[in-house]
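Breakdown of the fold
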Amino acid sequence: MKASERLLLSLFAVLLLGGGALVMWDIYRDRRDALTEEHERLELEMVEIDALLEDRDFWLERAEWLDRNLPVFTSERDMSDVIYQDAQAVDAVGVTTSGIQLLEASEGAGYVQARVSLTAKGTVEDVFGWLHELQQPDAFRSVKNIRVTPDPEDEELINCEFELVRWYAKPNATS
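Position numbers for residues start from 1 in each chain and track the written sequence from start to end. A pLDDT threshold of at least 70 governs which residues receive local features in this predicted model, and a stricter bar of 80 or more applies before side-chain atom pairs are shown or counted, although totals over entire chains, interfaces and linings include all residues. Remark: hydrogens and water are excluded; side-chain values derive from all non-hydrogen atoms of the structure.

1. Side note on a nonpolar patch on the surface
Rule in force here: Think of a patch as exposed residues, more than 30% relative accessible area, with no salt bridge, where like charges cluster within 9 Å and nonpolar side chains (Val, Leu, Ile, Met, Phe, Trp, Tyr) cluster within 5 Å. In these tables, accessible area is a Shrake-Rupley quantity obtained with a 1.4 Å probe, and a residue counts as shielded only by the protein chains included in the view. Put simply, a salt bridge is a Lys or Arg side-chain nitrogen that is within 4 Å of an Asp or Glu carboxyl oxygen. Labels follow the DSSP assignment, with helices taken as runs of H or I lasting at least four residues and strands as runs of E lasting at least two, numbered in each case from the N terminus. Here the term buried applies to any residue with accessible area under 20% of the maximum for its type, exposed to any over 50%, and partly exposed to those in between, with areas from a 1.4 Å probe on protein chains only.
A cluster of nonpolar side chains, namely M1, L9, F12 and L16, defines an oily patch on the protein surface of about 480 Å² accessible area. Mapped onto the elements, F12 comes out in helix 1 (residues 3-54). Taking the relative accessible area as the measure of exposure, F12 reaches 53% and is therefore exposed.

The structure is reproduced here in structure tokens:
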């Protein structure tokens, strides 16, 4: 083989090895970047898991409290009677209710909700004080879809339309 042929063969081999090295470097860099992203995602997930584990006892305690205290669903009639009574604002000073309408109960995983829609009328302090009292944790009631408007007849009063919801445990969901 002539010297020029050897030179060309050497140049070709160098180019081939250089091109192969570039392709391999590209593959390596893409794989490294993908692994770095996966590593960062897993580290973030680990931080989240650690944070959840730190709060584990707190949430277990709350779950036990719910298991002990959440009233158990007995019948839709009983649930409707209780939520209807709650909506009447019997003990609320300065609040009157009207338009009380039972809504269809809704269910979720482990719970049943009795619902009623109504309008409460009174001063801002009286109505919102009553709403606050309704939503005490051990009452298992919540207020949804609230809409507050001034009373057209008396500027010191408000009309508050909302749904009142009471939560019950499904009988087979309690432990």
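Further notes follow.
2. Considerations on the packing of aromatic side chains
Stated precisely, the cut-off is as follows: Pairing of aromatic rings covers Phe, Tyr and Trp, the last through its six-membered ring, and needs centres within 6.5 Å; plane angles under 30 degrees mean stacked, over 60 mean edge-to-face, and all others mean tilted.
Considering all chains together, one arrives at five aromatic pairs under this definition. Ring centres of W25 and Y28 lie 5.3 Å apart, and the angle between their planes is 40°; this geometry places the pair in the tilted category. Here Y28 and W25 lie together in helix 1, a separation of three residues that amounts to about one turn. Both rings, one in Y111 and one in W167, keep their centres 5.1 Å apart while their planes meet at 55°; by these two values the pair is tilted.

3. Some points on a negative patch on the surface
Definition in use: Counted as positive: Lys and Arg. Counted as negative: Asp and Glu, with His and the chain ends omitted from the count. A charge is said to be at NZ when it belongs to Lys, at CZ for Arg, at CG for Asp and at CD for Glu.
The grouping of D57, E61, E64 and D67 at the surface amounts to a negative patch. Assignment of secondary structure puts D67 in helix 2 (residues 56-69). Note on D67: relative accessible area 34%, which makes it partly exposed.

4. Some thoughts on the confidence of the model for the protein
This is how the line gets drawn: Along the chain, pLDDT gives the predictor's confidence residue by residue, from 0 to 100.
Scored by pLDDT, the protein comes out at a mean of 91, with 98% of its residues at no less than 70. When the elements of the protein are averaged for pLDDT, helix 3 (residues 76-87) gives the smallest value, 85, and strand 3 (residues 141-150) the largest, 95.

5. Some details on the nonpolar core
Applied cut-off: By convention a nonpolar core is built from buried Ala, Val, Leu, Ile, Met, Phe, Trp, Tyr and Cys residues, the set being connected through side-chain atoms within 4.5 Å. Residues are treated as being in contact if the distance between any of their heavy atoms lies within 4.5 Å.
Membership of the largest hydrophobic core comes to 21 residues, with the highest contact counts inside it found for V95, L118, V127, W130, L131, F162 and L164. For this core, the elements supplying multiple residues, two or more each, are helix 3, strand 2 (111-122), helix 4 (124-134) and strand 4 (158-169). When sequence neighbours within four positions are dropped, the list of residues in contact with V95 reads A89, A120, K121, D126, V127 and W130.

6. A short note on the sheet that holds strand 3
Stated precisely, the cut-off is as follows: Here, any two strands with at least 2 DSSP bridges between them count as paired. Fitted lines through C-alpha atoms serve as axes, helices being fitted only where they are in contact, and the angles separating the N-to-C directions of these axes extend from 0 to 180 degrees.
Here four strands make up an open sheet; going across it, the order is 1-2-4-3 and the pairing antiparallel. The open sheet has two edge strands, strand 1 (96-108) and strand 3, and neither has a second partner. Recorded for the sheet is a direction-independent mean angle of 15° between the axes of neighbouring strands. With eight bridges connecting them, strand 3 and strand 4 associate as antiparallel partners. Directly across from P150, in strand 4, lies its bridge partner I158. In the packing of helix 3 onto the sheet, contacts are made with strand 1, strand 2, strand 3 and strand 4, and the angle to strand 4 comes to roughly 145°. Packed onto the sheet, helix 4 meets strand 1, strand 2, strand 3 and strand 4 and runs at close to 5° relative to strand 4.

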